[in-house]
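Structural features, examined
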Amino acid sequence: MPIKNRFAELLPEITAWRRDFHEHPELLYDVHRTAGRVAELLREFGCDEVTEGVGRTGVVAVIRGKTDSKGRVIGLRADMDALPIHEQTGAKYASKTPGKMHACGHDGHTAMLLGAAKYLAETRNFDGTAIMIFQPAEEGGGGGDAMVKDGLVDRWGIQEFYGMHNMPGMPVGSFAIKPGAMMAAADQFDITVTGKGGHAAKPHECIDTTLAAAQIIVALQSVVARNVDPLQNAVISVCVVSTDSTAHNVIPQVVKLKGTARSLDAEVRAQLEEGITRVATNIAAAMGATAAVDYQRGYPVTSNDTEATEWAADVARAISDRVDMDMVPMMGGEDFSYMLNERPGAYIWVGNGDTAMVHHPAYDFNDEAIPAGSSWYAGMVESRMPAS
């Protein structure tokens, strides 16, 4: 396949970009160096337009094909931000910023899309317009939503969106995709349990918030176990427990719980929100305490359009003989969902090989995955907008 051959030639150059990004990780919207370098490269490639500052620090580039007989516009997206983790890879190109690292492979996603942009700007063997989207703040900042609200769809007339994420444990060069829910809605909640603090030796004079909080933590699991259809997917995890006292002999006045709720279905999402509030408030009340629940909806479900999934899988099959269409959804969240809520499209996994899992301090993006990933990005443009 010619695309694969070209990306094999470009591999050292793309790898160098990737490792540079890896050495200089930036968080959330504070991706000024990364975005600046991305924009610089896109201009060097000869992209027709390069716009910075979209959704605060996002970059959007326009590449026009040799012809434009049908007015087709395809958007390709990569994320740029890193995570607040101390790197433990031992790589020569390890993070130079303590406490920050590219632990999810966004450096690889950005580099692969840059490689596709360079190829497409060189060849322009398509009929329409390709939009290269480099997004900030995927890791909890909602950068995809920010770019959409900043007019991403209408300003560039995007008709379809396609995105990609590396996946450890999948062979390098392989792909996985499915129609419908691909990743979960990612919500979070804060529960504040208030009682009557006092001396731990006199619990009868107190309203024990730690006991109430413990009962709430255990009972929240019944929302999934007994309220959600067993054939549906749902997760409730309480991840933080804090009190207003650190003493061994004090029953605290206040206990705070923080957690996340994940779902793949709108009805289930509503059940989790209602169930968490109901269980927390009623159990606290039964123990003489009160519970205030702040439930915040986060990233929506990342749902692939059925036709777009087939198109994406066809491009993957042209690159690899290992394309898994029977994968199970992942309960992680992804803010590419905001783009898919605006226009049809699809999100695909590309294999990262036998590496540490993402969000682990020993994780590193596998540069051997670059030719497959860049080929898929470019292939989506050439297949969806074939040259006349």
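Residues numbered from 1 in each chain as written. Predicted model: local features only at pLDDT ≥ 70, side-chain atom pairs only at ≥ 80, totals over all residues. Heavy atoms only, no water.

**Some details on the overall build of the protein chain**
Note the threshold: Starting at the N terminus, helices and strands are each numbered in turn, a helix being any DSSP run of H or I of at least four residues and a strand any DSSP run of E of at least two. For the radius of gyration, the atoms used are the C-alpha atoms, and the globule rule reads 2.2 Å times the number of residues raised to 0.38. Counting rule for charge: Lys and Arg are taken as positive, Asp and Glu as negative, and neither His nor the chain ends is counted. Every charge is mapped onto a representative atom, which is NZ of Lys, CZ of Arg, CG of Asp or CD of Glu.
Looking only at helices and strands, one finds 10 helices and 16 strands in the protein chain. Over its C-alpha atoms the protein chain spans a radius of gyration of 23 Å, differing by no more than 12% from the 21 Å that the globule rule assigns to 388 residues. When its C-alpha atoms are laid out on the principal axes, the protein chain stretches across 80 × 45 × 35 Å. Side chains of the protein chain carry 34 positive and 50 negative charges; the gap between the two charge centres is 2 Å.

**Observations regarding the sheet that holds strand S8 (residues 185-194)**
Note: strands within a sheet are paired through backbone hydrogen bonds, in either parallel or antiparallel orientation. In plain terms, the rule: Pairing between strands requires that DSSP locate at least two bridges from one strand to the other. Here, axes are lines fitted to C-alpha atoms. For helices the fit covers the stretch in contact, and angles between N-to-C directions go from 0 to 180 degrees. The contact definition used throughout considers only heavy atoms, calling two residues in contact when any of these lie within 4.5 Å.
Taken in spatial order, the 4 strands line up as S10-S12-S8-S13 in an open sheet, and their pairing is antiparallel. The outermost strands of the open sheet, each flanked by one partner alone, are strand S10 (234-243) and strand S13 (290-299). Averaged over all pairs of adjacent strands, the angle between strand axes in this sheet comes to 20 degrees, irrespective of strand direction. Two elements, S8 and S13, share 8 bridges in a ladder whose sense is antiparallel. Bridge pairing links Phe189 to Tyr295 in S13. Taken strand by strand, helix H7 (residues 266-286) contacts S8, S10, strand S12 (254-263) and S13, and its axis lies near 165 degrees from that of S13.

**Here we look at the pairing of strand S5 (residues 160-167)**
As a reminder, the rule being used: Classification of residues uses two cut-offs on accessible area relative to the type maximum, computed with a 1.4 Å probe and protein chains only: under 20% is buried, over 50% is exposed, and between them is partly exposed.
Of all 8 residues in S5, 8 are buried; the element is thus mostly enclosed. Of the two faces of S5, the one lined by Glu160, Tyr162, Met164 and Asn166 and the one lined by Phe161, Gly163, His165 and Met167 are each fully buried. Where strand S3 (residues 73-79) meets S5, 4 bridges bridge the pair, whose relative direction is parallel. Opposite Leu76, over in S5, you have Tyr162 as the bridge partner. With 7 bridges joining them, S5 and strand S16 (residues 345-351) adopt parallel strand pairing. Paired with Met164 across the bridge in S16 is Ile348.

**Considering the packing of helix H6 (residues 209-227) against H7**
The condition is simple: For any helix crossing, the convention is left-handed if the near helix is rotated counterclockwise from the far helix by under a right angle, and right-handed if that rotation is clockwise. Gly falls in the polar group here, along with every residue not listed as nonpolar (Ala, Val, Leu, Ile, Met, Phe, Trp, Tyr, Cys, Pro) or charged (Asp, Glu, Lys, Arg).
Contact pair H6 / H7: the axes reach a minimum separation of 9 Å and the direction vectors enclose 145 degrees. For the pair H6 and H7, the sense of crossing is right-handed. Within the contact between the two elements, H6 uses Ala212, Gln215, Ile216, Ala219, Leu220, Val223, Val224 and Asn227 and H7 uses Gln271, Leu272, Gly275, Ile276, Arg278, Val279, Ala280, Ile283 and Ala284. Looking at the contact of H6 with H7 residue by residue, the class counts come to 12 nonpolar, 4 polar and 1 charged.

**Section: unusual backbone geometry**
The backbone of Arg56 sits at a positive phi, close to 85 degrees, despite the residue not being glycine. Residue placement: Arg56 occurs in the loop between strand S1 (49-54) and strand S2 (58-64). Residue Ala137 is not a glycine yet carries a positive backbone phi of 55 degrees. Considering the arrangement of structural elements, one finds Ala137 in the loop between strand S4 (129-135) and helix H4 (143-149). In this structure Ala137 comes out as buried when scored by relative accessible area, which is 0%.

**Some thoughts on the environment of Met167**
Among the structural elements, Met167 can be located in strand S5. Residue Met167 is classed as buried on the basis of its relative accessible area, which comes to 12%. Note: C-alpha distance between Met167 and Gly353 (186 residues apart in sequence) is 7.7 Å. Contact partners of Met167, with chain neighbours within four places excluded, come to Met330, Trp349, Val350, Gly351, Asn352, Gly353 and Met357.

**With respect to the sheet that holds S4**
Sheet architecture is open: 8 strands sit in the order S1-S2-S4-S3-S5-S16-S6-S15, paired in mixed fashion. Sheet topology places S1 and strand S15 (323-324) at the edges, where each strand pairs with a single neighbour. In this sheet, S2 lies alongside S1 in antiparallel orientation, the contact comprising 5 bridges. Bridge pairing in S2 places Glu49 opposite Val62. The strands touched by helix H3 (residues 106-123) are S2, S3, S4, S5 and S16; relative to S3, the strand with the most contacts, the crossing angle is about 145 degrees. The strands touched by helix H10 (residues 370-384) within the sheet are S3, S4, S5, strand S6 (175-176) and S16, with S5 carrying the most contacts at an inclination of about 165 degrees.

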